[in-house]
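Chain by chain, the residues run as shown.
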Amino acid sequence: MIPVHAYEGQRVGVLGLGRSGLATAAALAAGGATPVCWDDNEVGRLAVTEFEVADISREREAADLAALIVSPGIPHLYPEPHKAILRAWENKIPVDNDVGLFFRALMDHEPEDDGPDPKVIAVTGSNGKSTTTALIHHILQSTGRPTQMGGNIGRGVLDLDPPVAGETLVLELSSYQTDLARTLAPDVAVFLNLSPDHLDRHGGMGGYFAAKRRLFEAGVPQHAIIGIEEQEGRALASVLDDPMLISTKERLRGDGRSVFMNKSFLTEWRGKQLAAIDLRPALGLAGRHNHQNACAAYAACRAVGIPPRMIEAALTTFPGLAHRMERLGETNGVTFVNDSKATNADATEKALLTYEKIRWIAGGRAKEGGIDPLWQHFDRIAHAYLIGEAAEDFAKTLGDTPHTVAGDLETATAKAMADANPGDTILLSPACASFDQFPSFEARGEAFRALITPHLEEAKS
């Protein structure tokens, strides 16, 4: 872990005892602080055996805290602040999160080995964060650069190892993580895109965008990489000094720095073409959305000095992420794709645009707007199989598009397999959160894999 020495000898509240909260408590203790832990869920409290547990929303418990560190899943403003945060504000106690502590700790950290200072690449955006982060990490590993990956993917930021000289830490940061961090200091920051999500948590699109842009305004990265396919990206780029722009829709052949797609070629431009990479051999990066991820990862790796040809070689070996347009296999001419990570319409749109003759399994706990934005792609759907809380509403939206209200994933998968013809793709891309029937999108994707695997294995035998 990365020890946090900023509160040595002081009591620090830790609110939320999930993965990041437990790592935060351990990092504070390693730096000489006394963590005082609380979770509204008794199960979370019972998991803590090494540290003090106390209700820090009470005046007596909160009065002597030097800071309150809040886990990402706990609201600090909308839809309403947690009562422990209100108590901290009343007592003028600084409120921070693990990301803020991470950057403070990194500023104090001196690697034991001589060499270049460690670098931090931070990736944010509505869709593609995990793939882009994992792709950057993969490229760095492939080129022999010491690297770790964490944040909203993999390990919590404070659970990472203290970096060695010349190492690059690659972080996926959600709006929940950038919104509250008191310190943000990445060397390279990436903004991919913006689409409606988490609006209740941020009080609307304006608050959501404000949380994302803090990484660039409070963080002041040396290199800013900005996707400009939405107006928010263009607005952000306009207030930054010399950002590197990325686009899959526009050939950015201006005077500035850019990475864009020219047909199937990823192109680096700085007044002239510096490199062009054919992405067709990169099978783990199929689809326009993955081309955006590739452009962003390429730009980030160039910012830390990786040559184009080394990046090109690594792109072709990237396997993709589990649960994100993950090709599970094919049997009898039918392809199975697990896109359980698509929890909103914008993410699902990427999958619908990548495949044809789709037998679409969708539904769960709907996000704002449901699947209304996807109507122009309904002609790509051979049949939809609807599950979860959103099934009836999605059926109304689909209208004349062939569909079945299946109710649950097992039924939907069985019906899709029974109906499928050679050339079809059975696609789990729910456009919904999982929490009505599954604890996470990962659990939903694994359940789909478990339903499909016996049929794939039978076809092989």
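As a starting point, this report considers the structure included with it.

Scanning the entire structure with this criterion turns up 22 salt bridges. Between R11 and E52 there is a salt bridge, with the nearest N and O atoms lying 2.9 Å from each other. With a gap of 41 residues between them, R11 in strand β1 (residues 11-15) and E52 in strand β3 (residues 52-53) connect regions that are remote in the sequence. We classify E52 as partly exposed; its relative accessible area is 31%. As a salt-bridge pair, E389 and R365 come within 2.9 Å of each other at their nearest N and O atoms. Placement of E389 in the loop between β19 (381-387) and α14 (391-398) and of R365 in strand β18 (residues 365-366) is noted, with a sequence separation of 24 residues between them. R365 gets classed as partly exposed once you look at its relative accessible area, which sits at 36%. Several salt bridges share partner residues, and in doing so they unite R11, E52 and D64 into one network.

Before going further, it helps to examine the sheet that holds strand β4 (residues 65-70). Spatial ordering of the open sheet is given by β3-β2-β1-β4-β5, a layout of five strands whose pairing is parallel. Where the open sheet ends on each side, the last strands, each with one partner, are β3 and β5 (95-96). Along the sheet, helix α4 (residues 83-90) contacts β1, β4 and β5; its crossing angle with β4, the most-contacted strand, is approximately 145°.

Counting across every chain of the model gives four aromatic pairs. A ring pair is formed by F102 and F103, whose centres lie 5.0 Å apart and whose planes are at 75°; its orientation type is edge-to-face. Residue classification places F102 among the buried positions, given a relative accessible area of 0%. A relative accessible area of 1% places F103 in the buried class. A ring pair is formed by F191 and F216, whose centres lie 6.5 Å apart and whose planes are at 75°; its orientation type is edge-to-face.

With that settled, consider the sheet that holds strand β11 (residues 244-247). One open sheet accounts for nine strands, arranged β7-β8-β6-β9-β10-β11-β12-β13-β14; its pairing is mixed. Only two strands of the sheet have a single neighbouring strand rather than two, namely β7 (147-151) and β14 (273-278). Each adjacent strand pair in this sheet contributes to an overall mean axis angle of 15°, direction not counted. Where strand β13 (residues 265-270) and β14 come together, five bridges link them in antiparallel fashion. Of the residues in β14, the one forming a bridge with W269 is Q273.

Cut-offs applied
- Residues numbered from 1 in each chain as written.
- Predicted model: local features only at pLDDT ≥ 70, side-chain atom pairs only at ≥ 80, totals over all residues.
- Heavy atoms only, no water.
- Salt bridge = Lys/Arg side-chain N within 4 Å of Asp/Glu carboxyl O.
- Helix = DSSP H or I, 4+ residues; strand = E, 2+ residues; numbered from the N terminus.
- Buried < 20%, exposed > 50% of the residue type's maximum accessible area, 1.4 Å probe, protein only.
- Pairing = 2+ DSSP bridges.
- Contact = heavy atoms within 4.5 Å.
- Axes fitted to C-alpha atoms, helices over the stretch in contact; angles between N-to-C directions.
- Phe/Tyr/Trp six-rings, centres within 6.5 Å; stacked < 30°, edge-to-face > 60°.

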